[in-house]
Amino acid sequence: SRCFFWRTESNLMNAYGRATVSMVVRQKKQREFADPSSRQNATKLNEDLADIQNIMKRNIEEVLNRGEKLENVSKISGDLVNQSKQFKWGAKKLTWQAMLNQYGPIVCMVIFVLFVLYAKFFL
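Draft legend 1. Representation of the overall build of the chain within the structure. In terms of helices and strands, the chain carries three helices and zero strands. Going from N to C terminus, the chain has its helices and strands arranged as α-α-α.

Draft legend 2. Main features of the packing of aromatic side chains. As enumerated under the stated definition, the model contains one aromatic pair in all. Between Tyr118 and Phe122 the ring centres are 5.4 Å apart and the planes differ by 40 degrees, which places this aromatic pair in the tilted class. With Tyr118 and Phe122 both in helix α3 (residues 39-122), this residue pair falls four residues apart, about one helical turn.

Draft legend 3. Broad picture of α3. The terminal C-alpha atoms of α3 lie 119 Å apart, and with 84 residues this matches the ideal 124 Å at 1.5 Å per residue to within 8%. The largest bend in α3 is about 45 degrees, located at Tyr103, with the proline Pro105 one to four residues further on.

Draft legend 4. Here's a closer look at the confidence of the model for the chain. Confidence in the prediction of the chain, expressed as mean pLDDT, is 80, and 71% of residues score 70 or more. Confidence, read as mean pLDDT per element, is least for helix α1 (residues 2-16) in the chain (52) and greatest for α3 (90).

Analysis parameters
Residues numbered from 1 in each chain as written. Predicted model: local features only at pLDDT ≥ 70, side-chain atom pairs only at ≥ 80, totals over all residues. Heavy atoms only, no water. Helix = DSSP H or I, 4+ residues; strand = E, 2+ residues; numbered from the N terminus. Phe/Tyr/Trp six-rings, centres within 6.5 Å; stacked < 30°, edge-to-face > 60°. Expected span 1.5 Å × (residues − 1). Bend = angle between axes of the 7 residues up to and from the residue. pLDDT = per-residue confidence, 0-100.

Structure, rendered in structure tokens:
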């Protein structure tokens, strides 16, 4: 049973890069499973394994849900890109309209004056 706990702790340390199993938990589990031939220990071990299996299933479901959320975020970001392109086009259009409103009358007056001068001197 010591070998089992040492391997479990070693695997957790390898998986997470640090000791995640405290000494208290390790000692408690060693006391619980002191007699490997006991039927009670086998039942406890099976219950613990079932709990671990349920936790792992929940973790996998959470990872899959994160994947769905990432797909939604990707879709939303694509929509934002399209909306920003439309906004950019609208901003350019408004800029041209503002320039036309500001300088249009002046340009029209200059063209009219030039036409009058041309007509007076050259026609």
